[in-house]
Structure formats: structure tokens, C-alpha cells
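Descriptive structure summary
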Amino acid sequence: MYIIVVGGGKVGYYLTKTLLNEGHEVLLIERNPEKVSTFAERFGAVVVAGDGAEAATLAAAGAARADVVIAVTGEDEDNLVVCQSARQKFHVGRTIARVNNPKNEQLFRLLGIDVTVSQTNYILNLIEQSIPERSFLHLLSLRHADLAIIEAKIGEGSPVTNRTIAEVQLPVDCVIAAIARGPELIVPTPATQILPGDDIIALTHREQEDELRRLLGCFVAT
Amino acid sequence: MKVVIMGCGRVGARIASILDHNGHDVAVVDIDARAFRRLPNDFRGNTVIGTGIDEDVLRAAGIEDASAFVAVTNGDNRNIMAAQVARLMFEVPEVICRIYDPVREDTYRRLGLTTVCPTTTVSALILDHVIGAGDLLGARGREA
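Residues numbered from 1 in each chain as written. Chains lettered and ligands numbered in written order. Predicted model: local features only at pLDDT ≥ 70, side-chain atom pairs only at ≥ 80, totals over all residues.

1. A closer look at the overall build of chain B
The condition that has to hold: Only runs of H or I of at least four residues qualify as helices and only runs of E of at least two qualify as strands under DSSP, and these elements are numbered from the N terminus. With C-beta atoms placed from the backbone, a residue is labelled by how many other C-beta atoms lie within 10 Å of its own: buried for 20 or more, exposed for 12 or fewer, partly exposed between the two. A pair of residues counts as a contact when their C-beta atoms, built from backbone coordinates, are within 7 Å of each other.
A count of helical and extended segments in chain B gives five helices and six strands. Dimensions of chain B, computed from the C-alpha atoms along their principal axes, are close to 65 × 35 × 25 Å. Buried positions account for 38% of the 144 residues belonging to chain B. By sequence separation, contacts in chain B at least 24 residues apart represent 46% of the contacts at least 6 residues apart.

Below, the structure is given as C-alpha cells:
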């Protein structure tokens with residue numbers, strides 16, 4: 001696969017390195033010539049100096065035959081324009097943009113960027129997961145289907161404690177995928193009983209998240 | 001008419017001041033508070049410090065009930081992104097975006113943005129003086 005990476009910061013650097021190791025054809029475009037010469041020493045001739053938002057740079061990089069263009073600069077406006085230009089002018093099939101301000105994810109999707117990666121959101125999620133008091137966690141959003149994977153801690157007072165899966169009336173578009181009980185990970189059957197202290201991992205439609213939270217007796221807001 | 005202007009450089013300040021003089025409701029957004037010095041002393045409009053690619057900043061400038069949005073910062077990409085935010089997220093009826101790079105300007109004009117490219121416009125004006133005036137002189141010379 002031919003992949004063009006725009007932006008040679010930390011993300012661009014490690015991304016290029018990983019993709020090269022996986023055997024892809026990669027070209028890294030970076031604006032700062034000093035960085036370019038440092039990277040060229042490490043990676044060889046797969047790094048070029050230039051502004052990825054300029055059509056001439058993308059044309060010279062052979063964007064017309066690129067399978068994927070990934071924009072990972074520190075500026076959202078630059079990442080947006082790189083991806084839009086790749087799509088509109090060079091008909092690149094897949095564009096991926098790093099989104100620094102999580103609020104921009106919706107806009108980028110509206111504007112036709114195929115994948116947005118908000119590291120701010122990922123980091124926030126990871127931090128949330130390591131805060132022990134929270135009883136209901138949003139683990140992952142599956143954007144295209146509007147689904148989310150959540151983790152819920154079942155307390156003594158939860159309305160579902162000591163019930164079997166079959167007895168629990170789950171909201172529509174919700175399914176309990178797994179139960180973590182101590183060191184065990186159980187794939188539940190209808191007969192599986194929910195015990196206090198269980199961590200329930202569920203797949204749910206985003207709109208049902210609040211209802212599921214209430215049902216499981218998790219009142220701490222995410 | 002309510003107008004939000006992003007970028008208080010020479011162009012932004014001038015547009016803001018003229019619209020204000022004509023009795024329009026103007027808000028100017030700039031990331032650098034010092035830029036507002038370019039506005040005249042009697043400017044009655046609103047000034048907002050912040051970047052126009054942040055929806056909250058645009059909201060503070062009153063974009064939700066604006067009838068026009070003008071993006072004239074020095075960054076082409078910033079103007080392009082802000083213009084698309086104004087058009088898609090806030091559905092501002094009239095959105096004008098300055099883009100210095102003629103190639104980018106062409107791309108976004110095709111995508112439906114109202115664009116102004118100073119590079120081609122100013123070049124054409126100057127060329128008109130250089131070549132146009134030359135031709136004109138030549139023609140006059142032949143006539144005489």
C-alpha cells in the first residue's frame with residue numbers, strides 16, 4: 001500500500017516508522033527542512049520537505065496513486081485542508097486526519113474525512129478508566145454504527161444484582177458482551193448470574209447509554 | 001445586518017470599520033488582542049479574542065444570528081476551515097473566505113465556498129498597468 005503521511009511531529013515520526021516496518025511504501029511530508037534531513041538520515045529517501053496543504057507538494061509526492069493520506073500535524077486546519085485536497089484534487093480513497101480539538105471531529109466527518117483520530121479524547125478516556133470510583137465507563141465509540149462499548153461496575157445495591165442475564169430487561173440495541181469477575185472473563189449465557197463486583201462490558205447504541213446506566217444502577221455520570 | 005469578521009489585520013479592520021460606519025452590527029475576532037488597535041477609535045462593534053476555528057469563540061462573536069461571515073486571517077487553511085464551520089455548523093447565509101494560494105482557492109471555489117484570491121486579483125491589476133498600459137500607449141502612439 002502507498003501511504004502519504006503529512007506532518008513530522010512525534011506522531012508522524014512513529015507512524016512512518018511503524019508503517020515502514022510493516023512493509024508499506026511510505027512518504028513523509030514535513031515543512032521544516034531541518035527535521036527532514038534528520039528523518040532522511042534515519043529513514044532514507046522517504047522524507048520530503050514541503051507544505052502538504054499545497055497541491056504542488058501532494059502532486060510531486062504522487063498523491064494520485066496513494067491509497068491513503070494521513071494528516072497528523074499539530075494544527076487542525078492544516079490536517080483538514082490536506083485531507084480535503086487529497087480527496088478533491090487527487091481522489092485519494094482514504095483520508096485520515098488527526099484532530100487536536102475533539103470538538104472538530106464532527107465537522108471533519110461532515111466534510112468527508114474518512115477517519116478522524118482525536119488523541120485528546122483517547123487520553124481522556126484512558127485517564128477516566130484509571131479513576132477507580134467511576135462505575136460506568138465509556139470505553140470506545142464505534143462511530144459509523146453509532147455504537148459504544150461501555151464498562152459498568154455492579155454494586156451491592158444494583159437492581160440487576162443476583163439476577164440472570166435472561167431476567168434482565170436490557171434496552172433495545174444493547175447486548176452484554178462479557179463479564180469480568182475477578183481474574184475471569186466470562187462470555188455470558190442467558191443463565192449467567194450477575195454478581196456484586198462484576199464488571200459488565202456491554203455493546204450499546206449511543207442513545208441507549210443513559211438508560212443502560214440507570215438499569216445497571218450506575219448513577220455516577222461519565 | 002450582523003457580520004462576523006475573523007482576522008483584524010489591515011483588510012479585516014478596514015472591512016469592520018466601513019461596515020460599522022454604515023450602521024451594521026459588527027464583531028471582529030482575532031487571536032491577538034493587539035490587532036484591535038487597527039480599528040478606529042469610534043468603532044462601536046464587538047471585539048472577541050480567540051481563534052475563529054473554535055466554535056465557542058464564533059458563538060461568543062454572535063455567529064448564530066449573523067447574516068455574513070468573513071474569514072481574512074493570514075492563514076489560508078485557517079480561513080478555509082473557519083468558513084466551512086460557519087457554513088456547515090452555523091448555516092451563515094453569506095460566507096466569504098480569503099485564500100492566497102490560487103490552487104487552493106480554485107479547489108474550494110469548486111466546493112462551493114465564496115472565495116477571494118488576492119494573489120490573482122492583485123497580479124491582474126498590476127499586470128493591467130504593466131502590459132495593459134503598455135499596449136494602450138502603443139495604440140495611442142500608432143494613432144498619433
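2. Points about the sheet that holds strand 4 (residues 68-71) of chain B
All names here are of chain B. We apply this condition: Pairing between strands is defined by DSSP: at least two bridges between them are needed. Lines fitted to C-alpha atoms define the axes, with helix axes restricted to the stretch in contact, and inter-axis angles between N-to-C directions lie between 0 and 180 degrees.
With parallel pairing, the six strands of this open sheet are ordered in space as 3-2-1-4-5-6. Of all the strands in the sheet, the pair left with one neighbour each is strand 3 (46-49) and strand 6 (114-116). Adjacent strand axes in the sheet meet at a mean angle of 20 degrees, parallel and antiparallel pairs treated alike. Where helix 1 (residues 10-21) meets the sheet, it contacts strand 1 (2-6), strand 2 (25-30) and strand 4, and its direction lies at approximately 165 degrees from that of strand 2. Strands in contact with helix 3 (residues 76-89) are strand 1, strand 4 and strand 5 (94-98); relative to strand 5, the strand with the most contacts, it is inclined by about 175 degrees.

3. Examining the sheet that holds strand 1 (residues 2-6) of chain A
Residues and elements named next belong to chain A. With respect to topology, six strands assemble into an open sheet ordered 3-2-1-4-5-6, the strand pairing being parallel. Each edge of the open sheet is held by one strand with a lone partner, namely strand 3 (47-49) and strand 6 (115-117). Shown here is a sheet whose adjacent strand axes are inclined to one another by a mean of 20 degrees, direction ignored.

4. A few points about the interface of chain A and chain B
Here is the rule: Here the nonpolar group is Ala, Val, Leu, Ile, Met, Phe, Trp, Tyr, Cys and Pro; Asp, Glu, Lys and Arg are the charged ones; every other residue, Gly included, is treated as polar.
Listed by partner, the interface residues are 16 residues for chain A and 16 residues for chain B. Elements with a minimum of two residues in the side of chain A that touches chain B: helix 4 (76-90) and helix 5 (104-110) of chain A. Each residue belonging to the side of chain A that touches chain B can be placed in one class, and the counts come to seven nonpolar, three polar and six charged.

5. Quick word on the domain arrangement of chain A
Heads up, the condition is: Here the limits of each domain have been adopted from an automatic or database domain assignment.
Annotation of chain A at the domain level lists domain 1 (2-121) and domain 2 (131-215). Just the C-alpha atoms count here: the centres of domain 1 of chain A and domain 2 of chain A sit 38 Å apart.

6. A short note on helix 3 of chain B
Residues spaced three or four apart along an α-helix face the same direction, because each turn holds 3.6 residues. Residues and elements named next belong to chain B. Stated formally: Expected span of a helix: the number of residues minus one, times 1.5 Å.
Between its first and last C-alpha atoms helix 3 spans 19 Å; for 14 residues at 1.5 Å apiece the expected length is 20 Å, and the two agree. The set of residues buried in helix 3 consists of Asp-76, Asn-77, Arg-78, Asn-79, Ile-80, Met-81, Ala-82, Ala-83, Gln-84, Val-85 and Ala-86. After helix 3 finishes, the residue Glu-91 shows a positive phi value of roughly 50 degrees.

7. A short note on the nonpolar core
The condition that has to hold: The nonpolar core criterion groups buried Ala, Val, Leu, Ile, Met, Phe, Trp, Tyr and Cys residues into a set whenever they are joined through C-beta atoms within 7 Å.
In this structure, Ile-4 and Val-69 of chain A together with Val-4, Ile-5 and Phe-69 of chain B are the most contacted members of the largest nonpolar core, which totals 72 residues. Setting aside its immediate chain neighbours within four residues, Val-4 of chain B contacts Ala-27, Val-29, Leu-58, Ala-61, Gly-62, Ile-63, Ala-66 and Phe-69 of chain B. Ala-148, Ile-150, Val-160 and Ile-194 of chain A belong to the second largest nonpolar core, which has 15 residues in total.

8. Details of the pairing of strand 9 (residues 174-181) of chain A
Residue and element names in this part refer to chain A. Sheet analysis places strand 9 next to strand 11 (residues 199-205), joined by six bridges and oriented antiparallel. The partner of Val-175 across the bridge, within strand 11, is Leu-203. The pairing of strand 9 with strand 10 (residues 184-186) spans three bridges and is classified as antiparallel. Following the sheet pairing, Ala-180 is matched in strand 10 by Leu-185.

9. Points about the environment of Ala-60 of chain B
Locating Ala-60 of chain B in the fold gives a position in helix 2 (residues 55-60). For the pair Ala-60 of chain B and Val-29 of chain B, spaced 31 residues apart in sequence, the C-alpha separation works out to 9.5 Å.

10. Structural notes on unusual backbone geometry
The phi dihedral of Asn-162 of chain A is positive, around 70 degrees, even though this residue is not glycine. Residue class for Asn-162 of chain A comes out exposed when judged on the 12 C-beta atoms lying within 10 Å of it. One non-glycine residue with positive phi stands out, namely Glu-91 of chain B, at about 50 degrees. With respect to the secondary-structure elements, Glu-91 of chain B resides in the loop between helix 3 and strand 5. Of the residues examined, Glu-91 of chain B has 10 C-beta atoms within 10 Å and is grouped as exposed.

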